[in-house]
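Geometric and topological summary
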Amino acid sequence: MSLAEEIKTLASQQAQEVTSLRRHLHAHPELSFEEYNTSAFIAETLESFGLKDVCKGIAKTGVVATIQGNHPGKKTIALRADIDALPITEQNEVPYKSKNPGVMHACGHDVHTASLLGAAKILNTLRDKFEGTVKLIFQPGEEKIPGGASIMIKEGVLENPAPAAIIGQHVMPSIPAGKVGFKSGMYMASADEIYITVKGKGGHAAMPDKNTDPVLIAAHILVALQQIISRHCDPRTPSVLSFGKVIANGATNIIPDVVKIEGTFRTLDEKWRAEAHKKMVKMAQGIAEAMGAVCEFTILNGYPFLYNEPLLTNRAKQFAIDYLGADNVIDLDIWMAAEDFAYYSQKTNACFYRLGTGNPEKGISSGVHTPTFDIDESALEIGSGLMAYLAIEELTHEVVSQS
Ligand code: NI
């Protein structure tokens with residue numbers, strides 16, 4: 001039997017168990033950096049599989065475990081799952097509906113966690129089949145800045161042993177269950193929050209000459225900032241600047257003193273990201289000053305952009321084709337959402353791929369971060385089996401250079 005066949009058999013035998021794990025996690029979601037019960041459940045489950053090296057309390061609620069192959073080898077491959085849930089009230093009427101009011105696994109992190117637990121069980125069973133080490137990273141706080149990944153990295157998750165590569169997966173309801181998707185190179189965007197306050201001098205709208213109108217100045221700033229994207233950004237670098245909140249709380253005949261604007265800036269180039277920040281501040285403050293107002297400009301740095309190392313990602317895609325067949329492996333496009341897995345991709349060779357979880361025929365099509373998000377649970381068998389397969393196959397390959 002080939003390795004792929006052997007793993008598929010194991011994944012199929014334990015499918016019910018992994019589904020129960022996912023349902024338990026789904027019913028007991030916890031918010032970012034508060035995943036105490038989730039963390040304990042993960043550690044207990046790993047220990048029940050016979051794993052010896054299970055380390056708790058990294059970044060407070062993170063869990064890291066290693067599985068050594070029975071053959072000597074120095075290489076380490078890391079597999080990562082995020083474990084936190086979102087502040088959303090679940091509307092699905094399912095037996096495993098969230099029992100924690102106002103908290104829901106609406107981004108599939110229950111699926112990632114259960115899949116990685118399933119992969120751990122398979123890898124532990126197949127220790128004779130590989131050399132080197134698999135490091136399992138169960139990471140808290142993906143949904144909340146500064147992101148659990150950045151804290152785990154600071155606490156040394158990419159050291160002792162340092163992985164040659166890290167692989168992560170994320171559910172995607174727009175891809176049917178049974179399929180997975182890959183994108184090599186630039187994949188997901190950096191995401192920064194922008195807060196602008198324009199301070200002028202309000203007053204009666206009938207006497208504009210007596211006021212410094214922050215509404216008009218804010219409008220100029222909003223329009224001008226788009227010029228940073230259209231005239232200063234290399235057209236080959238995807239960039240988005242969107243403002244979703246503008247508060248000018250005056251009235252038809254009242255000019256307010258202050259206007260507040262909030263938005264997001266996303267791109268896929270760290271150098272350009274830093275330059276754009278400076279240009280935006282300079283332009284907004286210059287316009288405000290020229291028009292007699294003051295502009296406070298705050299940028300809250302979010303996650304960096306996510307880069308899928310091409311050699312690793314193309315190999316992983318080929319392994320996925322071996323495992324699932326070419327028809328079930330699709331190519332993805334750039335995605336302007338952000339993900340804290342990007343922090344790992346800034347430090348080591350990384351591959352972040354998508355696990356198809358949708359099934360429109362069964363009515364499973366809601367997007368992530370919605371109260372009706374759910375998955376076709378048949379995806380769990382691939383989520384766990386493919387992860388294990390990628391780790392073992394990757395352990396048998398040469399370390400690729402950091403690019
Ligand atoms: Ni997510």
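Quick look at the overall build of the protein chain now. Of the regular secondary structure elements, the protein chain holds 10 helices and 16 strands. Relative to the compact-globule value of 22 Å for 403 residues, the protein chain shows a C-alpha radius of gyration of 24 Å, a close match. Along the longest, intermediate and shortest principal axes, the C-alpha atoms of the protein chain span 85 × 45 × 40 Å. A total of 403 residues make up the protein chain; the buried ones form 54% of that total. Within the protein chain, residue pairs in contact and separated by at least 24 positions form 82% of the contacts whose partners lie at least 6 positions apart. For the protein chain, the exposed area adds up to about 17,100 Å²; of that, 53% sits on carbon and sulfur atoms. Computing the positive centroid from 37 side-chain charges and the negative centroid from 47, the protein chain places the two 4 Å apart.

This brings us to the environment of Ile299. Inspection of the secondary structure assignment puts Ile299 in strand β13 (residues 294-300). Residue Ile299 is classed as partly exposed on the basis of its relative accessible area of 22%. Sequence-wise, Ile299 and Ile196 are 103 residues apart; in three dimensions their C-alpha atoms are separated by 8.6 Å.

A few words now on the pattern of salt bridges. Applying the stated criterion across every chain, the model contains 20 salt bridges. Across the salt bridge formed by Arg315 and Glu394, the nearest N and O atoms sit 2.4 Å from each other. Pair noted here: Arg315 is in helix α8 (residues 310-324) and Glu394 is in helix α10 (residues 379-395), with a separation of 79 residues, a long-range link. Side by side, Arg315 and Glu394 carry an identical accessibility label, which is buried.

One open sheet holds the four strands; their spatial order is β10-β12-β8-β13, and the pairing between them is antiparallel. Single-partner strands in this sheet number two, and they are β10 (239-247) and β13. For this sheet, the mean inter-axis angle between neighbouring strands, taken without regard to orientation, is 20 degrees. Direction of pairing for β10 relative to strand β12 (residues 258-267): antiparallel, over a ladder of eight bridges.

Here the focus is helix α7 (residues 270-290). With 21 residues, α7 should reach 30 Å at 1.5 Å per residue; the first-to-last C-alpha distance of 30 Å fits that figure. Buried residues in α7 make contact with β8 (190-199), α6 (214-232), β10, β12 and β13. Taking the backbone nitrogen of Lys271 as reference, a side-chain oxygen 2.9 Å away marks Asp269 as the first, capping residue of α7. Two residues or fewer after α7 comes Gly292, characterised by a positive phi angle close to 85 degrees.

Scoring rules and cut-offs
Residues numbered from 1 in each chain as written. Predicted model: local features only at pLDDT ≥ 70, side-chain atom pairs only at ≥ 80, totals over all residues. Heavy atoms only, no water. Helix = DSSP H or I, 4+ residues; strand = E, 2+ residues; numbered from the N terminus. Rg over C-alpha atoms; globule rule 2.2 N^0.38 Å. Buried < 20%, exposed > 50% of the residue type's maximum accessible area, 1.4 Å probe, protein only. Contact = heavy atoms within 4.5 Å. Areas by Shrake-Rupley, 256 points an atom, 1.4 Å probe, with all protein chains shown as cover. Lys, Arg positive; Asp, Glu negative; His and termini not counted. Charge placed at Lys NZ, Arg CZ, Asp CG, Glu CD. Salt bridge = Lys/Arg side-chain N within 4 Å of Asp/Glu carboxyl O. Pairing = 2+ DSSP bridges. Axes fitted to C-alpha atoms, helices over the stretch in contact; angles between N-to-C directions. Expected span 1.5 Å × (residues − 1). Polar contact = N/O pair within 3.5 Å; in protein donor to acceptor, adjacent residues only side chain to side chain.

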